[in-house]
Structures are given as C-alpha cells and as structure tokens.
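Descriptive structure summary
What follows is each chain in one-letter form.
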Protein chains: 2
Amino acid sequence: MTVNQQILLDNRPQGEAVESNFKLVQSPLPTVGEGQVLVRHHYLSLDPYMRGRMNDSKSYAQPQPLGEVMQGGTVGEVVESRHPKFKAGDKVVGMGGWQEYSLLDPSVPGALRKVDTTHVPLSYYLGAVGMPGVTAWYGLVKIINPKAGETVVVSAATGAVGSAFVALAKARGCRVVGIAGGAEKCRYAVHELGFDACIDYREHPDTKTMAKALKDACPNGIDGYFENVGGYIFDAVLLRTNAFARVALCGMIAGYDGQPLPLANPALLLVNRIKLEGFIVSEHMEVWGEALTELGGLVAAGKLKPRETISQGLASAPGAFLGLLKGKNFGKQLVKLI
Amino acid sequence: MTVNQQILLDNRPQGEAVESNFKLVQSPLPTVGEGQVLVRHHYLSLDPYMRGRMNDSKSYAQPQPLGEVMQGGTVGEVVESRHPKFKAGDKVVGMGGWQEYSLLDPSVPGALRKVDTTHVPLSYYLGAVGMPGVTAWYGLVKIINPKAGETVVVSAATGAVGSAFVALAKARGCRVVGIAGGAEKCRYAVHELGFDACIDYREHPDTKTMAKALKDACPNGIDGYFENVGGYIFDAVLLRTNAFARVALCGMIAGYDGQPLPLANPALLLVNRIKLEGFIVSEHMEVWGEALTELGGLVAAGKLKPRETISQGLASAPGAFLGLLKGKNFGKQLVKLI
C-alpha cells in the first residue's frame, strides 16, 4: 500500500514560528469516492499568509486547525479520477495542502482546475500565473490603477508577487522601483526582472536613510505603493508619496511575529490624500480569469521570468517556510515532492 | 473714513500655537475697483484646518503667508458692488479672511456666492450648509458609502462636521455613534443631534477602554469611520472594525502640534481589508451643489440643528481659535463681527 506523507500543524507558535510547531506523519492513501479526484502533488507552495493562519487570533481567514494537514496550494497530476471532467494524467492546480497526495472534490469552487503546461511550466501556476501573480495584478490594476509615466514601488521585489508586479507595471508604462534585501537580489531585480531601480533595505535600515534612497530612486515622487512588508519601509514610502497616491496593502510580514509594528506618521495619509486598501486576492475571484490570461501571456512572451527557490521533499517544508518568513528565499518558494 | 480691522499671521508657531502668533492691525477701507465687491463680514469661520496652514511645512495647502490677513471663510452683506451680479444688501458667503471687510472678485471660482437666508440662517453657511457640512457629506457618501443598517462612527461628534454627519447618516438608515469630550457634549449628541450613542473620550482615555466602550456602543462592529481626530481613538476604532470597513480621513487635530501620533497597529487595515481615504473637500467642488442641496433641505426640515459657539468681535478670534484646537468649542466655532 502506498503511504501518504503529511505535515500537520501540531501546536501554535508562541511568538516566532519554529520547526516544532509542525509534525510529519504518514497516513494510508485515501480511497477515491464517487465524484472525487486523487492528485499526486509535484510542487507545494509556501506563502507568507500561512504564518498568520497559524495563530488562533482574529484574522482575515479561519485559523489553520490544529492536528490537521497544513493548508496550501499545490500543483500535480491526477492519478485516479471518479469525476467526469478529470482523468489520470491531467495536470492540475488546487489546494492540496502539505502532503504528497490529496483527495479533492472538483465541485467545490476553487478546489481544483486543469492547467495547460504547453507554454507555462507547471510550477508557475503556484507563482507568477497563480495566486501571487493575481495578487500583484489586483493590487496594481484595481487599487493603484497607474497611469503611464507614474512611479510605483513594491517591497519584497524579487518575491513571487514582486516579480509579477514589475512585469505588469512595465507593461503599463510605469517607472517601477523595488525594495529587496541584499545586493544580489537588487542586481537581479534590475537586470533580470526589469525594475528601473532597486533599493537594498539592508543598506538603509531606518526610515531616514530609506526615505533618502527612495528620493533618489523616485525623483518624481511615488504614485503607487504595493505593500508586502510593513514597518519602517512603509513609513519611509509615505514620506515620499505624491498627492493622491494609492497604497495596496497586501502583506505585513514584519508584524506577524510578536508585537504589531506601528505606523509612525498616519497624518501623511491625510496630508497627501492617499487612498489605501487592504485586500486578500481570494476574495476577488471575479478578476482571476482576466489576471491569469495576462500573466500567462507575459510568461509566454518571455516578459515575466520569475525565479524560484525549490526545496526538496516534504520533510523540508517547515524549514523552507521559516526561511521564507526571514526572507531567505529568492523568488517563489516551492517544495518539490517528486 | 471707516477703518478695517484685520488679524495677520505675525509669526509661525513653535510647537503649540499661541496668541502672540497673531497681530491685530487697522487698515483703511479699500476702494472698490471695476468688477469688485466690498463685503462687510457678519461672521468669521474658525476651522481646525487653519492650524496646519500656520506651519511652513509640506501640507495639502499652501502655508498661510506671514504678515498677511489670516485666510478663512466668512458670511456677510455686500456694502458696495461694481460687479453686475451683486448689489448692496446681498447676503454672501466667501473667503474673506479674519477682517471686518473684504474686497472680493466674484470672477474667481469659489471666491463669493449669494445665499438665501429664507430657511437657513446666514451663519449656517459657514457650518452645516457650508464647508464642514460638505466635508461630512463627502466622507459619508463618497468614501464610507454606507448601507442602511450599517454602523458608522464619527469623532468630534458635536462639531460642525459631526452634526452634519449624524443627520446625513440617519437619513441613510445607519446606526450612528459619536465620540466627544465630556458628558454634556455626549448628552447633547444623543438628545439633540440624534446620535444613537455617544462615547465620552475623557472617560475612556486609552485605547483599551475606548475599544471596550466602542464594543458596547457598536454591538455589530463598525462599518464606517469618519476620522476627525487621530491618535488612540483611531487605534481603538480599528480594533472594532468589521471586514471591508471604510475610513474617511479628514482631520488629525491631535497631531498638528509637535510630534506625529503613530498608528499602533496598521496591520488591522489588512486583516480587516479596510479602505481608507484621506481627502480635502475643497478638491471636490463637483459635489458641493448636490451636498449643499441635501444639507439645506435637512436644516429646513428641522432634521439638522447645529449648535454654534460664537465669540464676539474680531479681537476675540485668536483666543477662540486656540480654544477650538483644544476642543473648548461646542459645535461650530464662529466669530461675530457685527
């Protein structure tokens, strides 16, 4: 009998998340019921939002239940189907979780869909042409809504969201400035991803020096900001915003552990008449079709070449996830299972 | 020869504004040129936004020039006109400034317009049926855009903006909760202005107790917030917001003097997917007609009965203004000149 390895949330973090919050177990492979599909996962997606769900506190999503398989996006191949629209061999993306196999019910909206790997590698459906890509699309198109010639800034620039953001924003004629950690990531952002400039936050570790760097990189000020991080970088960006700037608030990774990070000068939101919107892309399913079409087109045209950091084997997932939270990944963080 | 008393900005505040920042002078009455109108002011409007303009720092408006008459809204009567659309005796509202008479050019947009005092007292055109009323209207209608049954909250509840806000929000079927300073203002808010509940911030001087009071007053959470104040009240409101709440950011009076007040937990903007917008009503002239029509109708129908605090004589303006910044006024703060 084939065994299904799984990673459960064993206990909730006290402050910083640690490996012992997770537990690797083995289960028997489930039996496929009428209308169900058994998928063997090729890749598992690791995303910052998962950290928030490990807490039992009020947040935008239900907490990850204790003792259950960690939830998350997966791509893979159908190995057995009792659903008329799927057959063995189909490449699929779904919410299979941190395990080698999942049993999914395609009649649940968003649970499973077939993908075409002719022009787009399978793993990209977890990144550039998946949730992170649509996240970048929604924040840029629906919230920032830039005009050609405007300057837009994104933090976590070389991550899955940032990589998609720059391709989408360049396609709209913007000046695009990234913020990332380390000279290597910044070089990559400019030379490979197409950023007009990239600021290394390690070289600018406080609001004042970051604001100065932003002034140099954004000589016409900042019209749109895609916030993936929070903390002093947001403070610095606000100091350089133009009147009527728009802020898409997507992540505040720096605040997930421990105490909340304050915003130093919220009065700037008024002074510059800023429009700010927090969002979760899974609540805007109506845009996914349009967004994925544009993102897939950019990949096929070679204008979106996202980088991936791949760890090998399910057991490596907790460590890779904790590294992601500390910014150790370079591009989309995946776990390869096969 | 009649003399025109004027108050100039003599020097800029170092931290808190003080009376010696202002200077009372006397000038000869100006001669009326072709196309001009001389207005004798009956009332002068005092508004929190004037404090921001006393600074020489970057803000949404040009700083008030030093050595010139303090700018501000006025209502009065035309005493001499060399403009075809105005005649002596006309009641008018304009930006006449802190002086007894002003010479205005009606061809400048927004400089001067005639008003009808049949159903609306002249002074109301500086408050409920003027800039503060339109401010409330814009924030409620264009930003918060509430559905009937939703709960909306406004700080500085008994001020000119708050009084208009509650009338407009009740007309839309909302539960309306105010925040004001002192038991007398809170009683007035509920018994005269029509608030469903009013919280005395003096009884709840920190985030935790204010959040508890808001929980009691808003059992279904907060769907919309009109921010006139900033500081810990904003922190407390954010703790009680529902998903997809909207925040109209209009004033941060607590931050005008000295250091900026931080926002303790901006991650809540993401967690609750909040839409926040800073605005200045003078940049949205396109809504004034619609807004003033509704506000005038509410006054005529007895559904908007704003309170006024009136100080007597031009020389009292600086003291009354400093009192306004400390919340000593009760309703719209005016200076009566005649």
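Cut-offs used in this document
- Residues numbered from 1 in each chain as written.
- Chains lettered and ligands numbered in written order.
- Predicted model: local features only at pLDDT ≥ 70, side-chain atom pairs only at ≥ 80, totals over all residues.
- Heavy atoms only, no water.
- Helix = DSSP H or I, 4+ residues; strand = E, 2+ residues; numbered from the N terminus.
- Buried < 20%, exposed > 50% of the residue type's maximum accessible area, 1.4 Å probe, protein only.
- Contact = heavy atoms within 4.5 Å.
- Lys, Arg positive; Asp, Glu negative; His and termini not counted.
- Charge placed at Lys NZ, Arg CZ, Asp CG, Glu CD.
- Arc of directions from axis to C-beta.
- Axes fitted to C-alpha atoms, helices over the stretch in contact; angles between N-to-C directions.
- Parallel < 35°, antiparallel > 145°, perpendicular 65-115°, else oblique.
- Nonpolar A, V, L, I, M, F, W, Y, C, P; charged D, E, K, R; others polar.
- Phe/Tyr/Trp six-rings, centres within 6.5 Å; stacked < 30°, edge-to-face > 60°.
- Lys NZ or Arg CZ within 6 Å of the ring centre and 35° of its normal.
- Domains from an automatic or database assignment.
- Buried area = accessible area lost by both parts, 1.4 Å probe.
- Salt bridge = Lys/Arg side-chain N within 4 Å of Asp/Glu carboxyl O.
- Disulfide = S-S within 2.5 Å.
- Polar contact = N/O pair within 3.5 Å; in protein donor to acceptor, adjacent residues only side chain to side chain.

**So, the overall build of chain A**
Each helix and strand counted, chain A has nine helices and 15 strands in total. In terms of its C-alpha atoms, chain A occupies a principal-axis envelope of roughly 65 × 45 × 35 Å. Residues classed as buried in chain A amount to 58% of the 338 residues present. In chain A, of all internal contacts separated by at least 6 residues, the share reaching a separation of at least 24 is 67%. Computed over 34 positive and 31 negative side-chain charges, the inter-centroid distance for chain A is 4 Å.

**A closer look at helix α4 (residues 183-193) of chain B**
Residues and elements named next belong to chain B. Every buried residue belonging to α4 is among Lys 185, Cys 186, Tyr 188, Ala 189 and Leu 193, and all of these are buried. Relative to the axis of α4, the buried residues are bounded by an arc of 160° and lie together on one face. Among the structural elements, α3 (160-170), β9 (175-180) and β10 (197-200) are those in contact with the buried residues of α4.

**Comments concerning the packing of helix α2 (residues 131-144) of chain B against helix α8 (residues 288-300) of chain B**
Residues and elements named next belong to chain B. Here α2 crosses α8 at 105°, and the two axes come no closer than 9 Å. The angle between α2 and α8 falls in the class roughly perpendicular. Residue-level contacts link Met 131, Gly 133, Val 134 and Trp 137 of α2 to Trp 288, Glu 290, Ala 291, Leu 292, Glu 294 and Leu 295 of α8. Looking at the contact of α2 with α8 residue by residue, the class counts come to seven nonpolar, one polar and two charged.

**Some remarks on the packing of aromatic side chains**
Residue and element names in this part refer to chain A. Tallying each qualifying case throughout the model produces 16 aromatic pairs over all chains. Judged by centre distance (5.7 Å) and plane angle (70°), the rings of Trp 98 and Phe 321 are edge-to-face. In this pair, Trp 98 sits in the loop between β5 (91-94) and β6 (101-104) while Phe 321 sits in helix α9 (residues 317-325), placing the two residues 223 residues apart along the sequence. Chaining the aromatic ring pairs together yields one cluster made of Tyr 138, Phe 165, Phe 226 and Phe 279. Between the NZ or CZ atom of Arg 307 and the centre of the ring of Phe 330, over which it lies, the distance is 3.7 Å.

**Remarks on unusual backbone geometry**
Of note, the phi angle at Phe244(A) is positive, near 65°, even though the residue is not glycine. Mapping Phe244(A) onto the fold places it in strand β12 (residues 241-249).

**So, the domain arrangement of chain A**
Residues and elements named next belong to chain A. Domain annotation of chain A identifies domain 1 (3-127 + 307-336) and domain 2 (131-282). For domain 1 versus domain 2, the separation of C-alpha centres amounts to 28 Å. Across the boundary between the two partners, domain 1 contributes 20 residues, which contact 14 residues of domain 2. Taking both partners together, domain 1 and domain 2 bury about 1400 Å²; carbon and sulfur atoms supply 58% of that area. Taken together, the connections running from domain 1 to domain 2 amount to one salt bridge. Counting only elements with at least two residues in the side of domain 1 that touches domain 2, the list comes to α1 (49-54) and α9. Take the side of domain 1 that touches domain 2: its biggest share by element is three residues, from α1. Taken together, the residues that form the side of domain 1 that touches domain 2 break down as eight nonpolar, seven polar and five charged.

**Some details on the state of the cysteines**
Tallied over the entire structure, the rule returns zero disulfides over all chains. Free cysteine: Cys250(A), not disulfide-bonded; nearest cysteine sulfur from Cys198(A) at 17 Å. Classification of Cys250(A) as buried rests on a relative accessible area of 16%. In this structure Cys198(B) is not part of a disulfide, and its nearest cysteine sulfur, from Cys186(B), lies 3.1 Å away.

**Remarks on the pattern of salt bridges**
Residue and element names in this part refer to chain A. Across all of its chains, the model carries 24 salt bridges over all chains by this definition. Residues Glu 184 and Arg 307 are paired through a salt bridge, measuring 3.9 Å at the closest nitrogen-oxygen approach. Taken together, the residues Glu 184 in helix α4 (residues 183-193) and Arg 307 in the loop between α8 (288-300) and β14 (308-312) connect sequence positions 123 residues apart. Members of the salt-bridge network, linked through shared partners, are Lys 87, Asp 90 and Lys 114.

**Thoughts on the side chain of Ser102(A)**
Residues and elements named next belong to chain A. Tracing the chain through its elements places Ser 102 in strand β6. At a separation of 2.8 Å, a polar atom in the side chain of Ser 102 contacts the side chain of His 41. Those residues in contact with Ser 102, other than ones at most four positions away along the chain, are Val 37, Leu 38, Val 39, His 41 and Gly 96.

**Remarks on the interface of chain A and chain B**
Every contact between the two is made by 30 residues of chain A and, on the other side, 30 residues of chain B. Between chain A and chain B the total buried area reaches about 2600 Å² when both faces are included, carbon and sulfur atoms providing 65% of it. Summed over the three residues of chain A that lose the most area to chain B, namely Leu270(A), Arg273(A) and Leu276(A), the buried surface amounts to 23% of that side. Seen at the junction of chain A and chain B, the total is two salt bridges. Arg273(A) is the partner of Glu283(B) in a salt bridge, and the nearest nitrogen-oxygen pair spans 2.4 Å. Counting across the interface, chain A meets chain B through six residue pairs in polar contact (both at pLDDT 80 or more). For the side of chain A that touches chain B, the secondary-structure elements that each account for two or more residues are β12, α7 (267-271) and β13 (275-278) of chain A. Per-class residue counts for the side of chain A that touches chain B are 19 nonpolar, six polar and five charged.

**Observations concerning the packing of α3(B) against α8(B)**
Residue and element names in this part refer to chain B. Where α3 meets α8, the axes come as close as 11 Å, and the angle between the chain directions of the two elements is 90°. The angle between the axes of α3 and α8 places the two elements in the roughly perpendicular class. Note on element contacts: α8 touches α3 through Glu 294, Leu 295 and Leu 298, opposite Ala 164, Ala 167 and Leu 168.

**Structural notes on the side chain of Asn4(B)**
Residues and elements named next belong to chain B. Tracing the sequence through the fold places Asn 4 in strand β1 (residues 3-9). Residue class for Asn 4 comes out buried when judged on its relative accessible area of 2%. A polar contact of 3.2 Å, which involves the side chain of Asn 4, links it to the backbone nitrogen of Glu 100. In this structure the side chain of Asn 4 is engaged in a polar contact, spanning 2.9 Å, whose partner is the backbone nitrogen of Tyr 101. Setting aside residues up to four positions removed in sequence, Asn 4 forms contacts with Val 25, Gln 26, Ser 27, Pro 28, Leu 29, Gln 99, Glu 100 and Tyr 101.

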